[in-house]
Amino acid sequence: MAAAPPHDPPKPRPTRAEAIAAQLADDIVAGRLKPGAALDEASLAAQFSVSRTPVREALRQLAPTGLVQAVPRRGCLVAIPDAGQLAEMFVVMAELEAMAAAHCAMGMAPAERRGLERQIAVMAGMVRDGDVAGYRAANVAFHHLLYAGAHNRYLTEIATATRRRLAPFRAAQLEAPDRMRRSHEEHVAIVTAIQRGDAAGAAAALRAHIGVTERTWIAMAGARQRPDAA
């Protein structure tokens, strides 16, 4: 009689600090906490019904991810990289996702192509309904379908990590006037090139999409900084 396969050991429950860090990271990536937002220890402690100690530890854990930053005399904030660093991150993101789109055009399985089409159809409904929150989540899923369709695990790993660093800015820029509709049109262009097997066209469409995303964020950030924007 064959021995029963060993059971995986149960995963330890996250500490309070780990749970808070995970929730804050999710809120930042999803755009619920905006770049530059203050992360006040006392307010967060009240929100999570804990003392300030696990909140302080959660913020310490998040610092290496690049999602939060400590600012002298201001405490912790949702990170805003300087303009040069942010521009460099967008350049890398564009090339990684362009590479993924090109690989999708060349080797995506039929079932994966149909999954892209279904995702585009779902997102079209969100655009019609003006559902920005739903579109944000669907947008992340769309780009991860491209990573998966590239069939390169290392590309998926580094693209996902880079996207996580840029997620607050990519999420925030969808609030710009008419941006959601234009973003969807850009996605349609990417998928059309992929379905045609046009690797160069898919890569170019993806680079253009990231370029518009970056310029939209820069315009929004500039408007927020003007004295008359209050």
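Above this text sits the structure in question.
Conventions adopted
Throughout this description, residue numbers start from 1 for each chain and increase along the sequence as written. Totals for whole chains, interfaces and linings use all residues, but because this is a predicted model, local features are given only for residues with pLDDT of at least 70 and pairs of side-chain atoms are given and counted only at 80 or more. In computing side-chain properties, one takes all heavy atoms of the structure into account and sets aside hydrogens as well as water. Only runs of H or I of at least four residues qualify as helices and only runs of E of at least two qualify as strands under DSSP, and these elements are numbered from the N terminus. The buried label goes to any residue with under 20% of its type's maximum accessible area, the exposed label to any with over 50%, and the partly exposed label to all in between, with areas taken from a 1.4 Å probe on protein chains only. Note on contacts: a residue pair is in contact if any heavy atoms of the two residues lie within 4.5 Å. A fitted line through C-alpha atoms serves as each axis, taken over the contacting stretch for helices, and the angle formed by two N-to-C directions is quoted from 0 to 180°. An angle below 35 degrees is treated as roughly parallel, one above 145 as roughly antiparallel, one from 65 to 115 as roughly perpendicular, and anything else as oblique. For a crossing to be left-handed, the near helix must be turned anticlockwise from the far one by less than a right angle; the clockwise case is right-handed. The nonpolar class holds Ala, Val, Leu, Ile, Met, Phe, Trp, Tyr, Cys and Pro. Asp, Glu, Lys and Arg form the charged class, and all remaining residues, Gly among them, are polar. Here, a salt bridge means any Lys or Arg side-chain nitrogen found within 4 Å of an Asp or Glu carboxyl oxygen. Between the rings of Phe, Tyr and Trp (Trp by its six-membered ring), a pair exists once the centres lie within 6.5 Å; its type follows the angle of the planes, with under 30 degrees stacked, over 60 edge-to-face, and the other angles tilted. To qualify as a nonpolar core, a set must consist of buried Ala, Val, Leu, Ile, Met, Phe, Trp, Tyr and Cys residues joined through side-chain atoms within 4.5 Å.

Peer 1: Hey, could you run me through the environment of Leu155 in this one?
Peer 2: On the secondary structure map, Leu155 appears in helix H7 (residues 153-172). Residue Leu155 is classed as buried on the basis of its relative accessible area, which comes to 5%. A sequence separation of 59 residues divides Leu155 from Leu96, and the C-alpha atoms of the two residues are 7.2 Å apart. If sequence neighbours within four positions are ignored, Leu155 has contacts with Leu96, Met99, Ala100 and Ala150.

Peer 1: Please clarify how the packing of helix H2 (residues 41-48) against helix H3 (residues 52-62) should be interpreted in this entry.
Peer 2: To characterise two packed helices, one gives the angle between the axes of the helices and the distance between these axes. Axis separation between H2 and H3 bottoms out at 9 Å; the angle between their running directions is 110 degrees. When the axis of H2 is compared with that of H3, the two are roughly perpendicular. Relative to H3, H2 is oriented so that their crossing is right-handed. Side by side, H2 and H3 meet where Glu41, Ala42, Leu44 and Ala45 of the first sit next to Arg52, Val55, Arg56 and Leu59 of the second. Within the contact of H2 with H3, the residues separate by chemical class into five nonpolar, no polar and three charged.

Peer 1: Is there a simple way to explain the pattern of salt bridges in this structure?
Peer 2: If charged atoms from side chains of opposite charge come close, those side chains can pair. For the structure on display, the rule yields 13 salt bridges. Here Asp27 makes a salt bridge to Arg32, at a shortest N to O gap of 2.8 Å. On the accessibility criterion, Asp27 (11% relative accessible area) is buried. The salt bridge partner of Arg207 is Glu95, with a shortest N-O separation of 2.9 Å. Here Arg207, found in helix H9 (residues 199-225), pairs with Glu95, found in helix H4 (residues 83-107); they are 112 residues apart in sequence, far enough to count as distant. A relative accessible area of 39% places Glu95 in the partly exposed class. Members of the salt-bridge network, linked through shared partners, are Asp26, Asp27 and Arg32.

Peer 1: So what exactly am I meant to see when it comes to the packing of aromatic side chains here?
Peer 2: Here the distance between the centres and the angle between the planes together describe a pair of aromatic rings. Enumeration over the complete set of coordinates arrives at one aromatic pair. Note on Phe169 and Trp217: the rings are 5.0 Å apart at their centroids and 70 degrees apart in plane angle, and the pair reads as edge-to-face. Of the two residues, Phe169 is situated in helix H7 and Trp217 in helix H9; the sequence distance between them amounts to 48 residues.

Peer 1: Would you mind showing me how to read the nonpolar core here?
Peer 2: Among soluble globular proteins, nonpolar side chains are generally buried collectively. One finds Met93, Leu116, Phe142, Leu146, Leu166 and Ile194 to be the most contacted residues of the largest nonpolar core, which totals 42 residues. Residue assignment for this core shows that the elements contributing at least two residues are H4, helix H5 (110-129), helix H6 (132-149), H7, helix H8 (179-195) and H9. Considering each element in turn, this core owes the most residues, twelve residues, to H4. Among all residues touching Leu166, those that are not within four sequence positions of it are Leu86, Met89, Phe90 and Met93. Ala21, Leu24, Val50 and Val55 belong to the second-largest nonpolar core, a separate cluster that totals 18 residues.

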